[in-house]
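Descriptive analysis of the structure
Next come the chains, spelled out residue by residue.
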Amino acid sequence: MTGDFEFENNYQLCDEIGRGRFGTITRCFSPATKEFYACKTIDKRVLIDALDRECIETEPRIMAMLPPHPNVVRIFDLFETEDSLAIVMELVDPPITIYDRLISAGGRLSESESASYAKQILRALAHCHRCGVVHRDVKPDNVLVDLATGGVKLCDFGSAVWLGGETAEGVVGTPYYVAPEVVMGRKYDEKVDIWSAGVVIYTMLAGEPPFNGETAEEIFESILRGNLRFPPKKFGSVSAEAKDLLRKMICRDVSRRFSADDALRHPWVMNVGNLQSN
Ligand SMILES: Nc1ncnc2c1ncn2[C@@H]1O[C@H](COP(=O)(O)OP(=O)(O)OP(=O)(O)O)[C@@H](O)[C@H]1O
């Protein structure tokens, strides 16, 4: 790891393209490779909380550990000083997430677009899980979409953990997308990402998440009740295969819940190219 000085020698900072809990994402340019990248800069001085400090240290460690995959944002460089951290990543330009895509599409996406994104998210998760990495914060805001190619990339590994076959504890994630075993404070494994990915797919198809509430507590109660419904108003034109996959991903029984590889073998995901785009 190197410092500020080396960063300035290697990259030129351009415009700000995003802001997260801990830092700013800026487009940057490398005169050496003549390529643009996304640089996440974190001011470590504002992080008082031990958990926040852990999050920012985890992200580059986990990203560097994962072998490259077309559906996972790649890390290229890391610069660290006592006060700051800069992570140079692959740039998705324009910087659009599935969350932004849902907003611009008026709330929901077609079945074919949803299935195409679902397949790529599942490929990213299968890759992470094979490497023992659990993302723990799969949600529309953490999936970048390349509008030119339709390719998607999983990003923000700040909540991720390397489990390598073990289990974890502790509430991590974003209320709407959190699996019930996490809410209950039980030990959990990589299947939490499958629940969250199922909630993301449901949200893309319906325009709203399956478990709702005014407060985080209400959302958690709804998740624990686990009453998965497909209101005809939202799901009238959605195929039976899509609903079947959702039942197998948003499944309370962890041992029966699909793995990423199981989901990739499901007909709805296998037949992505044949779905209607309305
Ligand atoms: N590699 C990238 N290419 C293009 N845009 C990106 C990239 N990474 C992040 N962004 C943009 O910056 C925003 C914030 O990024 P990110 O979610 O990684 O930050 P964070 O600090 O971890 O946020 P959070 O508050 O969700 O933890 C994203 O929503 C996206 O718009």
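Basis of the calculations
Residues numbered from 1 in each chain as written. Predicted model: local features only at pLDDT ≥ 70, side-chain atom pairs only at ≥ 80, totals over all residues. Heavy atoms only, no water. Helix = DSSP H or I, 4+ residues; strand = E, 2+ residues; numbered from the N terminus. Buried < 20%, exposed > 50% of the residue type's maximum accessible area, 1.4 Å probe, protein only. Areas by Shrake-Rupley, 256 points an atom, 1.4 Å probe, with all protein chains shown as cover. Axes fitted to C-alpha atoms, helices over the stretch in contact; angles between N-to-C directions. Parallel < 35°, antiparallel > 145°, perpendicular 65-115°, else oblique. Left-handed = near helix turned anticlockwise from the far one by under 90°. Contact = heavy atoms within 4.5 Å. UniProt positions renumbered as here; feature names shortened; annotations may be inferred. Core = buried A, V, L, I, M, F, W, Y, C linked by side-chain atoms within 4.5 Å. pLDDT = per-residue confidence, 0-100. Near = heavy atom within 4 Å. Polar contact = N/O pair within 3.5 Å; in protein donor to acceptor, adjacent residues only side chain to side chain. 1 Å grid on protein atoms, 1.4 Å probe; cavity = no way out; pocket = protein on both sides within 12 Å on 5 of 7 lines; lining within 4 Å. Sits in = over half its atoms within 2 Å of the grid points. Pairing = 2+ DSSP bridges. Points joined across faces, edges and corners; volume = space filled by probe spheres on them. Nonpolar A, V, L, I, M, F, W, Y, C, P; charged D, E, K, R; others polar. Phe/Tyr/Trp six-rings, centres within 6.5 Å; stacked < 30°, edge-to-face > 60°.

On to the overall build of the chain. What the chain contains, in helices and strands, is 11 helices and 10 strands. Summarising its shape, the C-alpha atoms of the chain cover approximately 55 × 40 × 35 Å along the three principal directions. Looking at the 278 residues of the chain, the share that counts as buried comes to 51%. Summed over all atoms, the accessible surface of the chain reaches about 13600 Å², with 49% contributed by carbon and sulfur.

Okay, the packing of helix α4 (residues 111–130) against helix α6 (residues 191–206) next. Helix packing geometry: the angle between the two helix axes and the distance between the axes. Where α4 meets α6, the closest approach of the two axes is 10 Å, and the angle between their N-to-C directions is 170 degrees. When the axes of α4 and α6 are compared, the pair comes out roughly antiparallel. Handedness of the α4/α6 crossing: right-handed. Side by side, α4 and α6 meet where Glu-111, Ser-114, Tyr-117, Ala-118, Ile-121, Leu-125 and His-129 of the first sit next to Asp-193, Ile-194, Ala-197, Val-200, Ile-201, Met-204 and Leu-205 of the second.

Time to look at the UniProt feature "domain: Protein kinase" (unreviewed entry) in the chain. Look at the UniProt record and you will see "domain: Protein kinase" (unreviewed entry) annotated at residues 11–269. Secondary structure within residues 11–269 divides into 37% helix and 20% strand; the distance between the first and last C-alpha atoms comes to 40 Å.

Moving on: the nonpolar core. Nonpolar side chains in soluble globular proteins tend to be buried together. Counting 81 residues, the largest nonpolar core has Ile-121, Phe-157 and Trp-268 as its most contacted members. Per-element tally for this core: the top contributor is α6, with 11 residues. Beyond its immediate chain neighbours, meaning those up to four positions away, Phe-157 contacts Thr-58, Glu-59, Ile-62, Met-63, Leu-66, Val-72, Cys-128, Val-133 and His-135. Counting residues in hydrophobic clusters, the runner-up holds 8 residues, among them Phe-7, Cys-28, Cys-39 and Val-88.

On average, residues of the chain score 91 in pLDDT, and 96% of them reach the 70 mark or higher. For the chain, per-element mean pLDDT is lowest for helix α1 (residues 4–10), which scores 79, and highest for helix α10 (residues 260–264), which scores 98. Per the prediction output, this complex has pTM 0.92; the corresponding ipTM is 0.93.

Attention now moves to the site of the ligand. The environment of the ligand is formed by 20 residues, the closest being Gly-20, Arg-21, Lys-40, Glu-90 and Asp-156. Here an oxygen atom of the ligand sits 2.7 Å away from a polar atom, N or O, in the side chain of Lys-40. Asp-156 places a side-chain nitrogen or oxygen 2.9 Å from an oxygen atom of the ligand. If the ligand stood free it would expose 620 Å²; the protein chains cover 89% of that surface. Among the detected pockets, the ligand sits in the largest pocket.

This brings us to the pairing of strand β5 (residues 84–90). For β5, the buried fraction is high: 7 of the 7 residues fall into the buried class. Bridging between strand β3 (residues 35–43) and β5 involves 7 bridges; their strand directions are antiparallel. Opposite Tyr-37, over in β5, you have Glu-90 as the bridge partner. In this structure, strand β4 (residues 75–80) lies alongside β5, joined through 5 bridges in antiparallel fashion. Across the sheet, the residue bridging to Asp-77 is Val-88, located in β5. Connecting the antiparallel pair β4 and β5 is a turn made up of 3 residues.

Of the pockets and cavities examined, the largest pocket occupies roughly 1100 Å³. Contributing to the lining of the largest pocket are 47 residues, with Arg-21, Lys-40, Glu-59, Asn-142 and Asp-156 lying nearest its centre. If you list the elements that add at least two residues to the lining of the largest pocket, you get β1 (12–19), β2 (23–30), β3, α2 (50–65), β5, α3 (98–104) and β10 (161–162). Ranked by residues supplied to the lining of the largest pocket, first place goes to α2 with 10 residues. Within the lining of the largest pocket, the residues separate by chemical class into 23 nonpolar, 10 polar and 14 charged.

Attention now moves to the packing of aromatic side chains. A complete count under the given rule lists 11 aromatic pairs for this structure. Seen from their ring centres, Phe-29 and Phe-36 are 4.9 Å apart, and the 50 degrees between their planes marks the pair as tilted. With a relative accessible area of 19%, Phe-29 lands in the buried category. Residue classification places Phe-36 among the partly exposed positions, given a relative accessible area of 43%.

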